[in-house]
Structures are given as C-alpha cells and as structure tokens.
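Observations on the model geometry
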Amino acid sequence: MTHAAITGWGKCLPPAVLTNQDLSTILDTNDEWILSRTGIRERRISHVGLEELAYVAAARALAAAGLAGADIELIVFGSCSYDDQVPNMASGVQLRLGAGSAAAFDINTACTSFLYGLSTASALIRTGVVGNALVIGAELISPFMDWSDRDVAVLFGDGAAAVVLQATNAEEGLLAEKLGCYADSRETLRVLGMGGRYANRGVLYGVTRWQFEGQEIFKRAVQGMAGACEAALARAGFSAADVELLVPHQANLRIIEAVARRAHVPMERVYVNVQRYGNMSAATVPVALCEALEEGRVRPGALLLMPGFGGGLSYCAHVVRWGRRTTPLGSSAAQLPPNDSSALTLIRRCLERKTHPVALTNEPFAHA
C-alpha cells in the first residue's frame, strides 16, 4: 500500500512581535487579563503579504526534503486570509518556486485548513494521482482584525509553515483521520466584512467586525477535537497510550489542556507554543510541528496526534507516523525582506488604510 510520508518541513514567522503590554496601549486590557484567559504572551504581525510568508516556508520545506520546486507535483494552500481570491494563492507560490508542472489549489476550512489539506494531498498520493505534494498552512490575520475588539484582537497572529509529502511503501505519514463540522453552530464565528456579500456595497474590504461567541466556541472546540482524537486513533488501531506527542491547534491554552484531558494524553506529551504566537489559524499546527522537530520532541518512528478546530465550525484529528529522519536534508536561502517597523506601527498602518482607502492595484502587498 502506498503512503504519503512527511519528508520536509519549514516555517516562516514575521519578526515584529506584538506583546500583551503593546496591546494594552491600544485596548482596555493588560497582560494578566490576556495570559490568564488564553495563555498567550505575544504574537507576530507581518510586514509582508501572505504569499511572501508562504513562499519562504515552502522553500524551507523543499530544502528540508532535498527537493527543487520543479520536482513538486501538487501544491495545496490552506488559509482563510487570502491576498487574492482570484487568482488563487497556491498558483502564486507555484510560480515563485518554479514548480511549473504542478497542480495548485487553495483550501479554506479556517483554522483546520492545513490539516484538511494534509488529508487531501495524502489521499491524492495514496491513489497515485501524484507522487509528492507541498501542503501549506499560512495566515495573515492582522489586516482583517477588528483592533477595537479586545475579545478577538488579543487572540490572533500571523505566520506560515509547510510540509512536503512523498509517496512511500513504508507505513509512514497520515495513517487515519476524522473530519467533521458543526454547521449548526457556524454563526458563532463569523468575520463580517470578508466575502462577496460585502462587495460593491459601500463596505471597504478589510474593515471587519468579528462575531465571536467565545463560550460556545470553547465548548465545541473541546468536544470536536477530543471526539475526533478518539475516532482517528480507533480507526488506526491505537489508543491514547500509543501517542508520543499531541500537536494540537494552538487557539487557547485552556482549550489545549481540556482536549488533552479528554483525549487522555498527559500535558508532558503535548506540544504548546501558543504563548509565543497566539492563534495563527491554519499555520498553528504546522508551525508547532516544525518547532517540535527543532526541539527534539519528535523521535524517528513516533506516533503523532494532531487535532484541529476552526470556523464553520470544522474539526478534525490526524494520526501521523513519523519517518526515520528528524533533521532537514538542506537549508534554503529564502528570507523575508527586512523590517524596521514595530508591531504597533504595522497595526496603526492597517488602521490608517481602513480609514483612508487607496486605489486598487496589483502591486505586492506590504504593510508599509
């Protein structure tokens, strides 16, 4: 049987750090309030567009796998915060990588987009449609944030990560998953101002209001991820005792702790980096995976469990068998352009553009 092993991985975090103290200068909040409710200390704000973040992460993942862009047969880009919807984001990364013969498409299930993309790409490899794939999880939330709403503004950050999948006869990669969606609760998380219903109706794109029912989202997130963990492990013939590392969606420390309890995985076997980055939506799981590898938390042959939850309200859990290699084969020279602006300055520029709209162009996005 053909499997889809993860052979390359790479991340890209913008350098500008927005701390809880920074947020207290523009919102009625403070470090203790944010930390006690979310576990978040800081998050990243990007000075470049989504495509740039994704390209750097993808180039690093390819180098880790020892592949060139021209070798890639499929690019799946998971996100809900596009630079452009037409053309799609995946084709932009394809062009930058020189992956001329690849198929390329986007997938949007909000915070679960990377994991749903992992399912899709793995299935296409297992069925022989392609021999390898690049799966990206990337988000640029800051331009779409309502920076006057402390309930959501403290939660999110920008970032990107990617993995390379390659066909193998070894039992590696995605072994089982459970995908689902609580569509009856989809109105508990809605970003008003993003989408076609607002187009050409006097609403400036990017000026948003977030409909965010925190308690209901918390309940559904824990229920969905814990249930999906149990179902995915059962499908693969494993139990919680077999899981060496739980790499969950990093939305909120309380949610992570509750899911770990419900899934019967002790916190010493859970990877957590929400304190550094906040909720990067589709980027959270792949960034956490990259950092777990960097820190030696993933051993050769380890069984990983990766649950997620996002708008829609989508949920999932993925059981992954890691391969023999836990270090990159190579490195990439790809880097973000330099940034000399603080995170607060970048946010203020977002707000200025929302009150003073500029003419539409096809120039690359830049906060500056």
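Structural data are supplied above this passage.
Below is a summary of the structure that appears in this document.

Turning our attention to the nonpolar core. Inside soluble globular proteins, nonpolar side chains tend to come together where they are buried. Leu-18, Met-145, Trp-147, Leu-305 and Phe-309 are the most contacted members of the largest nonpolar core, which has 52 residues in total. Those elements giving two or more residues to this core turn out to be β2 (16–19), α2 (31–38), α6 (150–153), α7 (214–236), α8 (253–263), β12 (303–310), β13 (314–321) and α11 (343–355). Among the elements that make up this core, the one with the highest residue count is α7 (eight residues). Filtering out sequence-adjacent residues up to four positions away, Trp-147 remains in contact with Leu-18, Leu-23, Leu-27, Ile-45, Ser-142, Ala-153, Ile-347 and Leu-351.

Attention shifts here to the pairing of β12. Here β12 lies mainly inside the structure; eight of its eight residues are buried. Burial along β12 is two-sided: Leu-303, Leu-305, Pro-307 and Phe-309 and Leu-304, Met-306, Gly-308 and Gly-310, pointing in opposite directions, are all buried. Inspection of the sheet shows strand β11 (residues 245–246) paired to β12 by two bridges, in the parallel sense. Considered in β12, the bridge of Leu-246 is made with Leu-305. Bridge count for β12 against β13 is eight bridges, and the pairing is antiparallel.

What is expected of a backbone is that most residues other than glycine have negative phi and most peptide bonds are trans. The amide bond that connects Val-86 to the next residue, Pro-87, takes the cis arrangement and shows omega of 0°. When you line up the elements, Pro-87 lands in the loop between β4 (74–78) and α4 (89–97). Positioned with a positive phi, Ala-110 is a non-glycine residue whose angle comes to about 60°. Within the fold, Ala-110 resides in the loop between β5 (103–107) and α5 (113–126). Among the residues examined, Ala-110 registers a relative accessible area of 13% and is labelled buried.

The next thing to look at is the layout of surface pockets. Vacant regions in the atomic arrangement are exposed by a probe of water-molecule size rolled over the atoms. There is about 710 Å³ of room inside the second largest pocket. Along its surface, the second largest pocket is lined by 24 residues, and Cys-80, Asn-108, Ala-110, Leu-189 and Val-191 are the ones closest to its centre. Considering each element in turn, the lining of the second largest pocket owes the most residues, three residues, to strand β9 (residues 189–192). Grouping the amino acids of the lining of the second largest pocket by side-chain chemistry returns 13 nonpolar, eight polar and three charged.

Enumeration over the complete set of coordinates arrives at one cavity of 30 Å³ or more. Together, Ile-45, Ile-141, Ser-142, Met-145, Trp-147, Phe-156, Gly-157 and Asp-158 line the largest cavity.

For the pair helix α3 (residues 50–65) and α4, interaxial distance at closest approach is 10 Å and the crossing angle is 55°. By the angle between their axes, α3 is oblique relative to α4. For the pair α3 and α4, the crossing hand works out as right-handed. Each of Leu-50, Glu-51, Glu-52, Ala-54, Tyr-55, Ala-58, Ala-59 and Leu-62 in α3 lies in contact with α4, whose residues at this interface are Met-89, Gly-92, Val-93, Arg-96 and Leu-97. Across the contact of α3 with α4, the residue classes break down as nine nonpolar, one polar and three charged.

Let's shift gears to the packing of aromatic side chains. All told, the structure shown has three aromatic pairs when counted by the stated rule. The cationic tip of Arg-96 hangs over the ring face of Tyr-55; the distance from NZ or CZ to the ring centre is 4.2 Å. Over the face of the ring belonging to Trp-33 we find Arg-150, whose NZ or CZ atom lies 4.1 Å from the ring centre.

Let us now look at the pattern of salt bridges. Counted according to the given criterion, the structure contains 13 salt bridges. One salt bridge connects Arg-96 with Glu-51, and the closest N-O pair in it is separated by 3.3 Å. Pair noted here: Arg-96 is in helix α4 and Glu-51 is in helix α3, with a separation of 45 residues, a long-range link. One salt bridge in this structure joins Arg-324 and Glu-172, with 3.9 Å as the shortest N-O distance.

Bringing the environment of Val-243 into the picture now. Of note, Val-243 is situated in the loop between α7 and β11. Taking the relative accessible area as the measure of exposure, Val-243 reaches 1% and is therefore buried. The spacing of Val-243 and Val-265 is 22 residues in sequence and 7.6 Å in space, taken between C-alpha atoms. Excluding residues that lie within four positions of it along the chain, Val-243 makes contacts with Leu-233, Arg-269, Leu-303 and Leu-305.

A word on α2. Within α2, the full set of buried residues consists of Trp-33, Ile-34 and Thr-38. Buried residues of α2, viewed axially, fall in a sector of 90°; they line one side. Those residues of α2 hidden inside the fold are in contact with α1 (20–23), β3 (42–45), α6, α8 and α9 (274–277). The backbone nitrogen of Glu-32 lies 3.1 Å from a side-chain oxygen of the residue at the head of α2, namely Asn-30. Downstream of α2 by one or two residues, Gly-39 has phi in the positive range, about 80°.

Position of Thr-188 among the secondary structure elements: in the loop between β8 (173–181) and β9. Assessed through its relative accessible area of 7%, Thr-188 is described here as buried. Sequence separation of Thr-188 and Gly-214 is 26 residues, and the distance between their C-alpha atoms is 8.0 Å. In contact with Thr-188, not counting residues within four places along its chain, are Gln-211, Phe-212, Glu-213, Glu-216, Ile-217 and Leu-313. Of note is the side chain of Thr-188, whose polar atom sits 2.7 Å from the backbone oxygen of Ser-185.

What counts, and where the lines are drawn
Residues numbered from 1 in each chain as written. Predicted model: local features only at pLDDT ≥ 70, side-chain atom pairs only at ≥ 80, totals over all residues. Heavy atoms only, no water. Core = buried A, V, L, I, M, F, W, Y, C linked by side-chain atoms within 4.5 Å. Buried < 20%, exposed > 50% of the residue type's maximum accessible area, 1.4 Å probe, protein only. Helix = DSSP H or I, 4+ residues; strand = E, 2+ residues; numbered from the N terminus. Contact = heavy atoms within 4.5 Å. Pairing = 2+ DSSP bridges. 1 Å grid on protein atoms, 1.4 Å probe; cavity = no way out; pocket = protein on both sides within 12 Å on 5 of 7 lines; lining within 4 Å. Points joined across faces, edges and corners; volume = space filled by probe spheres on them. Nonpolar A, V, L, I, M, F, W, Y, C, P; charged D, E, K, R; others polar. Axes fitted to C-alpha atoms, helices over the stretch in contact; angles between N-to-C directions. Parallel < 35°, antiparallel > 145°, perpendicular 65-115°, else oblique. Left-handed = near helix turned anticlockwise from the far one by under 90°. Phe/Tyr/Trp six-rings, centres within 6.5 Å; stacked < 30°, edge-to-face > 60°. Lys NZ or Arg CZ within 6 Å of the ring centre and 35° of its normal. Salt bridge = Lys/Arg side-chain N within 4 Å of Asp/Glu carboxyl O. Arc of directions from axis to C-beta. Polar contact = N/O pair within 3.5 Å; in protein donor to acceptor, adjacent residues only side chain to side chain.

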